[in-house]
2 protein chains.
Amino acid sequence: MRVLLVDDHALFRDGLKLVLKQLGEEVEISECGTCEEAYEIIKESEGFNLILLDVDLPVISGIEGLQEFRKLDPSAPIVFLSGADDQKLIRKALELGVMGYIPKTLNSEIIVQALRLIMKGGRYVPDNILLQADEPAHQEIILTMRQKEILNLISQGKANKEIANILGIADNTVRVHISAIFQILKVNNRTEAAFAALQEGLVSPY
Amino acid sequence: MRVLLVDDHALFRDGLKLVLKQLGEEVEISECGTCEEAYEIIKESEGFNLILLDVDLPVISGIEGLQEFRKLDPSAPIVFLSGADDQKLIRKALELGVMGYIPKTLNSEIIVQALRLIMKGGRYVPDNILLQADEPAHQEIILTMRQKEILNLISQGKANKEIANILGIADNTVRVHISAIFQILKVNNRTEAAFAALQEGLVSPY
DNA sequence: CCAAAAATAGTACAGATGTACTACGCTCTA
DNA sequence: TAGAGCGTAGTACATCTGTACTATTTTTGG
């Protein structure tokens, strides 16, 4: 069995390698600390039975790199490793079609069980986290493309006039969009909107 | 030798325990996943020779919990473990007087050497990161208490009047503070200020 | 104790922001 | 083809925001 382990924390890799050996007979582990290295390894290999991918990788995150892994080794089930028990992240991961989401807080016994499950074609997602996520019944926020564009510019601290210039429209139009955005996000001003955008993952804090 | 290992990632603890055993003869390792548990362990123990503390812990972060560790076991050298190679964080850690800062990306050989150094009374800080930190010459941003309070409220999307009400001062005064904050942060409006505050770690995105 | 820094507060003003309207063209779908 | 939704744009208006002043009181450090 061939496993590829991508995580920038060398010691965590060491710990996980021990766990993987409990998985069974002949486990052959390739490891690296970045997506870029992982791509090279896959190209030089004959495919893996399992890819364990840290979501929080430097340069190219696991989420960003996921598609490339799919291309390079379409048959390998991909499991996300994550330091954060983030409900949204898990949902996104599942949407992206990963076969598992393993929080690094899990102890080795549970991880072994989870990986066995995944190797048999199942999925593993920590239930406590999914239950948590069900609660809020948090209504999906849907914005039009234009609204997302403008929300992004708002989040950069741009003024209405600047936004109008950038998009080549009248600043009255910008205001109309902004009013609409505020209603959808249920906020009253651009600073609240910016933070709402952050929380919804619509913008990133650079 | 007694070592306390506080990290919420069970597998990382496993990896690190292996490394610690390389440190020498009789290493006795206590481990847990949160500061709260760690406090209990220290109270029930006779003191440690080394405390390894993850900075990014749930509920109480390593940085927040540091003082309490100091109180409970003043003689134990404290070493931060961190998943992020963050220059600012390292500087802050050193200011707080920790004896070492170990990025989780380090491999085991280097960690062993670093821990040996620290056990002998030295300090370990990854040089590549410190060099990096020198470059930006990023001037420290110093705000008064009042300014921080107001910056926080700005980041919550509060209007000047609301801030004035909350703090029990005139909204003219709020404006004066805000003008000062903008100059210090080199920004032009409250949304930019909110994001600058985020980047500087002055507020958290809840 | 004095000087500097911080916090307070006022007046004044230009410009930005947010809302409420109306209105028109475009695209898609029933 | 009618209606819905989107993007565009205008007018009007009340309010908020940010800056530039001046000025007083409190706190703090040398």
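Being a predicted model, the structure only gives us computed values, none of them experimental. (Residues numbered from 1 in each chain as written. Chains lettered and ligands numbered in written order. Predicted model: local features only at pLDDT ≥ 70, side-chain atom pairs only at ≥ 80, totals over all residues. Heavy atoms only, no water.)

A closer look at the pairing of strand β4 (residues 78–82) of chain B
All names here are of chain B.
Move 1: For β4, the buried fraction is high: 5 of the 5 residues fall into the buried class.
Move 2: Residue alternation in β4 divides its side chains into two sets, I78, F80 and S82 and V79 and L81, and both sets are buried.
Move 3: With 4 bridges joining them, strand β3 (residues 50–54) and β4 adopt parallel strand pairing. Bridge pairing in β4 places I51 opposite I78.
Move 4: In terms of handedness, the path from β3 via helix α3 (residues 62–72) over to β4 forms a crossover that is right-handed.
Move 5: Sheet topology places β4 next to strand β5 (residues 100–103); 4 bridges connect them, and they run parallel. Its bridge partner lying in β5, V79 is registered against G100. (Buried < 20%, exposed > 50% of the residue type's maximum accessible area, 1.4 Å probe, protein only. Helix = DSSP H or I, 4+ residues; strand = E, 2+ residues; numbered from the N terminus. Pairing = 2+ DSSP bridges. Right-handed = clockwise from strand over helix to strand, strands pointing away.)

Things to note about the protein's contact with DNA strand D
Move 1: As a structural note, the neighbourhood of DNA strand D is formed by 16 residues, with R146, A170 and N172 of chain A together with R175 and R190 of chain B the closest of them.
Move 2: Of all atoms in DNA strand D that approach within 4 Å of the protein, 63% are sugar or phosphate atoms.
Move 3: For DNA strand D, a phosphate oxygen lies 3.1 Å from a polar atom in the backbone of N160 of chain B.
Move 4: Put simply, the parts of the chain that give the surface near DNA strand D at least two residues each are α9 (171–185) of chain A together with α8 (160–167) and α9 (171–185) of chain B.
Move 5: It is α9 of chain A that provides the largest number of residues to the surface near DNA strand D, a total of 4 residues. (Near = heavy atom within 4 Å. Polar contact = N/O pair within 3.5 Å; in protein donor to acceptor, adjacent residues only side chain to side chain.)

Notes on the relation of the copies chain B and chain A
Move 1: By a simple turn and slide, chain B fits onto chain A: the slide is 0.4 Å along the axis, the RMSD is 0.8 Å, and the turn is 180°. Here the copies are linked by what is in effect a two-fold axis.
Move 2: Here 100% of the interface residues in chain B have copies in chain A that are interface residues too; the copies meet face to matching face. (Least-squares fit on C-alpha atoms with pLDDT ≥ 70 in both. Contact = heavy atoms within 4.5 Å.)

Looking at the packing of helix α7 (residues 145–155) of chain B against α9 of chain B
All names here are of chain B.
Move 1: Between α7 and α9, the least distance of the axes is 10 Å, while the angle of their chain directions is 90°. The pairing of α7 with α9 is recorded here as roughly perpendicular in orientation. For the pair formed by α7 and α9, the contact residues are R146, Q147, I150, L151 and I154 on the first element and H177, I178, A180, I181, F182, I184 and L185 on the second.
Move 2: In terms of residue class, the contact of α7 with α9 is made up of 9 nonpolar, 2 polar and 1 charged. (Axes fitted to C-alpha atoms, helices over the stretch in contact; angles between N-to-C directions. Parallel < 35°, antiparallel > 145°, perpendicular 65-115°, else oblique. Nonpolar A, V, L, I, M, F, W, Y, C, P; charged D, E, K, R; others polar.)

Brief notes about the packing of aromatic side chains
Residues and elements named next belong to chain B.
Move 1: If you walk through the whole model with that rule in mind, you get 3 aromatic pairs over all chains.
Move 2: We note R2 situated over the ring of F48; from NZ or CZ to the ring centre the distance is 4.7 Å.
Move 3: One cation-aromatic arrangement involves K104 over F12; the distance from NZ or CZ to the ring centre is 4.5 Å. (Phe/Tyr/Trp six-rings, centres within 6.5 Å; stacked < 30°, edge-to-face > 60°. Lys NZ or Arg CZ within 6 Å of the ring centre and 35° of its normal.)

Focus: the sheet that holds β5 of chain B
Residues and elements named next belong to chain B.
Move 1: An order of β2-β1-β3-β4-β5 is seen for the 5 strands of this open sheet, with the pairing classed as parallel. Bordering the open sheet on either side are β2 (28–32) and β5, each of which pairs with just one other strand. Ignoring strand direction, the axes of neighbouring strands in this sheet form an average angle of 20°.
Move 2: Packing against the sheet, α3 makes contact with β1 (2–6), β3 and β4, and its axis sits at approximately 165° to β4.

Thoughts on helix α2 (residues 35–43) of chain A
All names here are of chain A.
Move 1: When α2 is considered as a whole, its buried residues turn out to be C35, A38, Y39 and I42. Projected down its long axis, α2 carries its buried residues within an arc of 105°, all on one side.
Move 2: Here the buried face of α2 lies against β1 (2–6), β2 (28–32), β3 (50–54) and α3 (62–72). (Arc of directions from axis to C-beta.)

Comments concerning the confidence of the model for chain A
Move 1: In this model, chain A carries a mean pLDDT of 81, and residues with pLDDT of at least 70 account for 87%.
Move 2: The model gives residues 133–137 of chain A a pLDDT under 50, and that stretch makes 3 contacts with residues more than four places away or in other chains. (pLDDT = per-residue confidence, 0-100.)

Brief notes about the environment of G83 of chain B
Move 1: Relative to the helices and strands, G83 of chain B resides in the loop between β4 and α4 (87–95).
Move 2: Counting along the chain gives 20 residues from G83 of chain B to P103 of chain B, while the straight-line C-alpha distance between them is 5.7 Å.

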